[in-house]
Amino acid sequence: MMPAFLFNQRHQLERYALSGSLIFILGHIQYRLLYEFLYGLPMCAGMTWGLHFIIGTFWSHALHRGFTFKNKPQLPYCISILRTFGLYTFMLTISTTMMILLCDIGGLHPLIGWMLGTSLSAICNFLIMSHWTICRTIKD
């Protein structure tokens, strides 16, 4: 049984951190598996990041919708996932470009690039999900 505080609306940031930790671990495994599968192809780090980001969007959105923001008014699922993909596409472009520049061209180790991309995404995701893609605001 989950502690009651985890479902208190005031603690959505803590729930985000908990679900984000799980997403971080599973995302790392997913990234490593995809990287191994694509290893040797041109722009491997960038392609891996792109695939990782798209696949991860579906399952992380579901986790955040069902756990992190469970007690907040939510948009209908179709609107929520469309908004999420719209904004994530923008973030995907920025983070994939970052991976190509830092890792494929700049020589940074891909796992360090992955950590930077994941950190940037995590900060942006919380702000976006809590105000526009999952949670219903007064303006909606």
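Just above sits the structure.
Residues numbered from 1 in each chain as written. Predicted model: local features only at pLDDT ≥ 70, side-chain atom pairs only at ≥ 80, totals over all residues. Heavy atoms only, no water.

J.: Which parts of the structure should I look at to understand the packing of aromatic side chains?
T.: When we look at a pair of aromatic rings, we describe it by the centre distance and by the angle of the planes. The tally for this structure, following the rule as stated, stands at eight aromatic pairs. Aromatic side chains Tyr31 and Trp114 sit 6.2 Å apart centroid to centroid with 35° between the ring planes, which places their arrangement in the tilted category. Here Tyr31, found in helix H1 (residues 12-38), pairs with Trp114, found in helix H4 (residues 110-133); they are 83 residues apart in sequence, far enough to count as distant. The pair Tyr31 / Trp114 is uniform in exposure class, with both members buried. Consider the rings of Trp49 and Phe53, whose centres lie 5.8 Å apart with planes at 55°: the pair is tilted. Residue Trp49 and its partner Phe53 are located together in helix H2 (residues 44-68), separated by four residues, close to a single helical turn. With a relative accessible area of 1%, Trp49 lands in the buried category. In this structure Phe53 comes out as buried when scored by relative accessible area, which is 9%. Connected via pairs of aromatic rings, a cluster forms that spans Phe24, Tyr31, Tyr35, Tyr39 and Trp114. (Phe/Tyr/Trp six-rings, centres within 6.5 Å; stacked < 30°, edge-to-face > 60°. Helix = DSSP H or I, 4+ residues; strand = E, 2+ residues; numbered from the N terminus. Buried < 20%, exposed > 50% of the residue type's maximum accessible area, 1.4 Å probe, protein only.)

J.: Just to check I follow, could you spell out the nonpolar core for this structure?
T.: Taken as a class, soluble globular proteins show a tendency for nonpolar side chains to be buried jointly. Core analysis: the biggest nonpolar cluster contains 20 residues, and Tyr31, Ala45, Trp49, Phe53, Phe69, Met99 and Met129 have the highest contact counts within it. Broken down by secondary-structure element, the contributors of at least two residues to this core are H1, H2, helix H3 (77-105) and H4. Take this core: its biggest share by element is five residues, from H3. Leave out the neighbours within four places in its chain, and Tyr31 touches Ala45, Thr48, Trp49, His52, Met99, Pro110, Leu111 and Trp114. (Core = buried A, V, L, I, M, F, W, Y, C linked by side-chain atoms within 4.5 Å. Contact = heavy atoms within 4.5 Å.)

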